[in-house]
Amino acid sequence: MTEASNQNEDGWGFNTRAIHVGQEPEAVTGAVTVPIFQTSTFAQEDVGKHSGYEYARTGNPTRTALQDVLASLEGVAHGRSYASGLAASDTLLRAMLGPGDHLIMGNDAYGGTFRLISKVLAPMGITWTAVDLTDLEALEAAWTDQTKLVWLETPTNPLLTVFDIAGIAAVAHAHDSKVVVDNTFATPYLQQPAAHGADVVVHSTTKYLGGHSDVVGGFVGTDDTALDEQLGFLQNAVGAVPGPLDCYLTMRGIKTLGVRMDRHNTNAAALVEVLQNHKAVERVLYPGLVGHPGHEVATRQMSGFGGMVSFLCAGGEAAAREVTTRTNVFTLAESLGAVESLIEFPAAMTHASAADSPLEVPNSLVRLSVGIETTHDLVDDLTQALDSL
Ligand SMILES: *Cc1c(COP(=O)(O)O)cnc(C)c1O
């Protein structure tokens, strides 16, 4: 896979920016890595006269470095980091919507995002409609006078559906509305939503950006200066901020995002091959497959197809539950995007909160987060697990 081609004003490529933007040697000591500024407050020379930092909820230099590198990788002017992906989404939705407003979301999304919208925001007077966003006429038909934004993931969690960001943005912008893309699955290495017309990009940095299953975090990036100011106001006023150690760990992960994603891509492709040729598998969901309904859009919109693979088991729910317990290298666990391979049963785990809703997932579905272990070990492990069904 080729490195994402966007550059910053220095002409730096993606991997150079991942390692250097916001991460210049520290001014006082020359420390090459950004220090973990483990402090809650900052000394002032005179009342109100300070270095730019006064209290660590408002701002912390480790957090600033993380925000700057992620904004650069997404190709947007502004970035804000939060304590989790959901804290980022919650703060963004508060910034963009108020009582009486309506949002349109894709009909496949992370269960926690759906829970936030349907159980936390809806009681506060925000209405929502879930739409199959591969159908732009359905999107148009769902529009109301109160619709302020379209929220989507692509590829989606957990069905790996691909939505056409540029096509959706054209519809939303014709209505003077905004498009938010949760780019957690693709990462900016494989897809930069802002370049395709998205107004805002959101991440759970817990996943590929952190990349090592050791930190929870979130991010919002945008070119819209007024929105960024509101996000900064809420970051301080609500306080869903990440601690400096979490910012450091996330930044450390980001430095190797490009090399990890290349390997996630190759390992996933090898496992897709196994799944496609196994009789225990009814259908493989992966945007890299020529027969995937979103393959053509994914080829246009992404520079690689990523490390997430889902499949439907021929033996239904019992087989799906069973296979998740038969692997040795793959660990049965929630979450995704880290160096180690994970397997899970979305209907009762990550997406249990979408049960009995328009976002309910099939109960024969298994989701893999393909890690960066030795390819043949993953191939052998998945093969023996499927053979045992
Ligand atoms: C995990 C996830 C989230 C939520 O992020 P947290 O860091 O767990 O709060 C949001 N969107 C997607 C696509 C996710 O996978």
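Residues numbered from 1 in each chain as written. Predicted model: local features only at pLDDT ≥ 70, side-chain atom pairs only at ≥ 80, totals over all residues. Heavy atoms only, no water.

### What to know about the nonpolar core
Stated formally: Residues belong to one nonpolar core when they are buried, are Ala, Val, Leu, Ile, Met, Phe, Trp, Tyr or Cys, and are joined through side-chain atoms within 4.5 Å. When a residue's accessible area, from a 1.4 Å probe over protein chains only, is under 20% of the maximum for its type it is buried; when over 50% it is exposed; and in between it is partly exposed. Secondary structure counts use DSSP, requiring at least four H or I residues in a row for a helix and at least two E residues in a row for a strand, with both numbered from the N terminus. What counts as a domain boundary in this text is fixed by an automatic or database domain assignment. Here, two residues are considered to be in contact whenever any of their heavy atoms come within 4.5 Å of each other.
Among the nonpolar cores identified, the biggest contains 61 residues, and L275, V309, F311, L368 and L386 are the most heavily contacted of them. In terms of residue count, the dominant contributor to this core is helix α10 (residues 257-276) (7 residues). Here this core spans two domains, and each of domain 1 (3-255) and domain 2 (258-387) adds at least three residues to it. When sequence neighbours within four positions are dropped, the list of residues in contact with L275 reads V281, V284, V309, F311, L368, L382 and L386. By size, the runner-up hydrophobic cluster in this structure holds 26 residues, among which are A109, I117, L121 and A354.

### As for the domain arrangement of the chain
Rule in force here: What gets called buried area is simply the loss in accessible area from a 1.4 Å probe that two parts show on being joined, summed for both. The working definition used for a salt bridge is a side-chain nitrogen of Lys or Arg within 4 Å of a carboxyl oxygen of Asp or Glu. Here a polar contact means two N or O atoms within 3.5 Å. Within protein one must be a hydrogen donor candidate and the other an acceptor candidate, and residues neighboring in sequence count only if both atoms are side-chain atoms.
What the domain assignment lists for the chain is domain 1 (3-255) and domain 2 (258-387). Taken over C-alpha atoms, the centre of domain 1 sits 25 Å from the centre of domain 2. Listed by partner, the interface residues are 42 residues for domain 1 and 42 residues for domain 2. Interface area, domain 1 with domain 2, both sides summed: about 3200 Å², of which 61% is carbon and sulfur. When residues of domain 1 are sorted by the area they lose upon contact with domain 2, L160, L190 and Y208 head the list and together hold 24% of the total. In this structure, the connection of domain 1 to domain 2 is made through 0 salt bridges. On the surface where domain 1 and domain 2 come into contact, there are 17 residue pairs in polar contact (both at pLDDT 80 or more). Breaking the side of domain 1 that touches domain 2 down by element, the ones donating at least two residues are β2 (102-106), α4 (111-121), β3 (127-131), α6 (165-174), α7 (187-190) and α9 (244-254). At 4 residues, the largest contribution of residues to the side of domain 1 that touches domain 2 is made by α4.

### A closer look at the site of the ligand
Threshold: If a single non-hydrogen atom of a residue is within 4 Å of a molecule or strand, that residue counts as near it.
Neighbouring residues of the ligand: 13 residues in total, closest G85, D182, S204, T206 and K207. In this structure, an oxygen atom belonging to the ligand sits 2.8 Å away from a main-chain N or O atom of G85. T206 is positioned such that a nitrogen or oxygen atom in its side chain is 2.7 Å from an oxygen atom of the ligand.

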